[in-house]
Amino acid sequence: MIYDYHVHSEISFDGACSVTDCAAAAKDRGIGEICLTDHLDIGYPVKGGGCPEIDQDRYNAALEQARAAFPGVVIKKGVEAGLLGGYLGEIEQDIRINGYDFVIASQHYIVDGDPYDGDYFKNRTPQQAQELYLTELRDNIVQFDDYDVIGHIGYVDKYLHNYDHLTHRPRPFEFCDYPDLIDEILLSAIGKGNGIEINTSNYRVHGYPTPHPSILERYAQLGGEVLTIGSDSHSQQAVGFKIPEAMALAKSCGLGYVCTFTARKPQFHSL
Ligand SMILES: [Zn+2]
Ligand SMILES: [Zn+2]
């Protein structure tokens, strides 16, 4: 069975398809279960003034409609919470009251910008940009408990094209580049009974997902078991993108299971 556990709908400020259209895409591609993980970015300064929080009534109604239209596809209610220092308590409170099946904790905004916008890389070397990303993620994730998996470890590297003017284009970080920081992040998740995701959107940029396979191997070595796989789709076309490839990669890195979640409890499925 194929599961896509990172799907954005138009409930997200940056999503482009309805929940029902996401479910239709899943059905067409033989995906048995999807989890909607729309953005909850409390405190995030959205460019253009979009709302970084979720309209729960709209979200619940859209889920109900999609479940009625596609009863053969299991559709879970999740959220991707953007971690922002100073707002972690507010984020946890929102998660507690809104009855999610699954929560991804992601580092998008770092100190003064989101790598997505490009400005983050100005006046920083590639190494400074990567190290600051991992430091910020580490600082937030050790303080934040109410999540199930850490999203796309290596997010910053998706935007390394901002260094295209350099003679040597920097490469995405691997485990050996920042072993202490990466171990702290992985061990914090494992210690809390949480896990990480494989995010397949990076296949388009670098030919492999986030995190880098060397980090998946390290996660397996440390005893990590909780793993989800998601496309991070923001359109109907991207639902299910490269999920079978990522499952095979996880297995080759020594991981044994892919998880689905119901009411925040993982179910383990052998890879
Ligand atoms: Zn994200
Ligand atoms: Zn996402």
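Participant: If you had to explain the sheet that holds strand 5 (residues 149–150) to someone new, which residues and values would you point to?
Facilitator: What the 7 strands build is an open sheet, ordered 1-2-3-4-5-6-7; its pairing is parallel. With partners counted over all chains shown, the strands left at the sheet margins are strand 1 (3–7) and strand 7 (227–230), one partner each. Alignment of strand 3 (residues 74–82) against strand 4 (residues 102–106), held across 5 bridges, turns out to be parallel. Looking at strand 4, one finds that G82 is bridged to S106.

Participant: Tell me what's going on with the nonpolar core, and back it up with residues and numbers.
Facilitator: Grouped together as the largest cluster of nonpolar side chains are 82 residues, with contacts concentrated most on I34, Y133, L134, I150, I153 and F173. With 6 residues, helix 1 (residues 19–28) is the largest single contributor of residues to this core.

Participant: Can you break down the pairing of strand 3 residue by residue, with the values?
Facilitator: Most of strand 3 is tucked away: 8 of the 9 residues are buried. Alignment of strand 2 (residues 33–40) against strand 3, held across 8 bridges, turns out to be parallel. Each bridged residue has a counterpart across the sheet, and for I34 the counterpart in strand 3 is I75. Between the parallel pair strand 3 and strand 4, the chain is carried across by helix 3 (residues 88–97), and the sense of this crossover is right-handed.

Participant: Any chance you could break down the coordination of the zinc ion (ligand 1) for me, citing the residues and the numbers?
Facilitator: Bound to the zinc ion (ligand 1) are the protein donor atoms E80 (OE), H108 (NE2) and H152 (NE2), situated 2.1 to 2.2 Å from the metal. If you list the donors of the zinc ion (ligand 1) from N- to C-terminus, the spacing comes out as E-x27-H-x43-H. Taken as an interatomic distance, the gap from the zinc ion (ligand 1) to the zinc ion (ligand 2) is 3.4 Å; E80 donates to each of them. One end of the pair, E80, is in strand 3; the other, H108, is in the loop between strand 4 and helix 4 (126–143), with 28 residues separating them in the sequence.

Participant: Got a sec to walk through the packing of aromatic side chains? Specific residues and values, please.
Facilitator: According to the stated counting rule, one finds 11 aromatic pairs in the structure shown. On the basis of an interplanar angle of 80° and a centroid distance of 5.6 Å, the ring pair of Y257 and F268 is categorised as edge-to-face. Taken together, the residues Y257 in strand 8 (residues 257–262) and F268 in strand 9 (residues 265–270) connect sequence positions 11 residues apart. The exposure class assigned to F268 is partly exposed, which follows from its relative accessible area of 38%.

Participant: Could you give me a rundown of the coordination of the zinc ion (ligand 2), with the residues and numbers involved?
Facilitator: Around the zinc ion (ligand 2), the protein contributes the donor atoms H6 (NE2), H8 (NE2), E80 (OE) and D232 (OD), at 2.1 to 2.2 Å from the metal centre. Because the angles between the 4 donor atoms bound to the zinc ion (ligand 2) fall within 84 to 174°, the donor set is best described as irregular. Going along the chain, you hit the donors of the zinc ion (ligand 2) in the pattern H-x1-H-x71-E-x151-D. Residue class for H8 comes out buried when judged on its relative accessible area of 0%.

Participant: Any details on the pairing of strand 1? Residues and values, ideally.
Facilitator: Look at any regular strand and the pattern is simple: side chains alternate between the two faces of the sheet. Summarising burial for strand 1: 5 of the 5 residues are buried, a large majority. In this sheet, strand 2 lies alongside strand 1 in parallel orientation, the contact comprising 3 bridges. In the sheet register, V7 faces strand 2, and the bridge partner there is L36. In terms of handedness, the path from strand 1 via helix 1 over to strand 2 forms a crossover that is right-handed.

Here is what the cut-offs are and how they apply
- Numbering of residues begins from 1 in every chain and follows the order in which that chain's sequence is written.
- Here the convention is simple: chains get letters from A, ligands get numbers from 1, in the order in which they are written.
- Residue-level local features of this predicted model are given only where pLDDT is at least 70; pairs of side-chain atoms are given and counted only at 80 or more, and the full residue set underlies all totals for whole chains, interfaces and linings.
- Side-chain metrics rest on all non-hydrogen atoms present in the structure, leaving aside hydrogens and water.
- By this definition, two strands are paired if DSSP reports at least two bridges between them.
- Secondary structure elements follow DSSP: runs of H or I no shorter than four residues count as helices, runs of E no shorter than two count as strands, and numbering proceeds from the N terminus.
- Residues belong to a common nonpolar core when they are buried Ala, Val, Leu, Ile, Met, Phe, Trp, Tyr or Cys residues joined through side-chain atoms within 4.5 Å.
- Here the term buried applies to any residue with accessible area under 20% of the maximum for its type, exposed to any over 50%, and partly exposed to those in between, with areas from a 1.4 Å probe on protein chains only.
- Seen with its strands pointing away from the viewer, a crossover is right-handed when the path leading from the first strand over the helix to the second is clockwise.
- Counted as coordinating are nitrogen, oxygen and sulfur atoms within 2.8 Å of the metal, or 3.2 Å for Na, K and Ca, while water is not included, which may make sites look incomplete.
- Centre distance within 6.5 Å is the pairing criterion for rings of Phe, Tyr and Trp, where only the six-membered ring of Trp is used; planes under 30 degrees apart are then read as stacked, over 60 as edge-to-face, and the remainder as tilted.
- Key to geometry: four donors with every angle between 85 and 135 degrees are tetrahedral; four donors are square planar and six octahedral where opposite donors lie over 155 degrees apart and all remaining angles lie between 65 and 115; all other sites are irregular.

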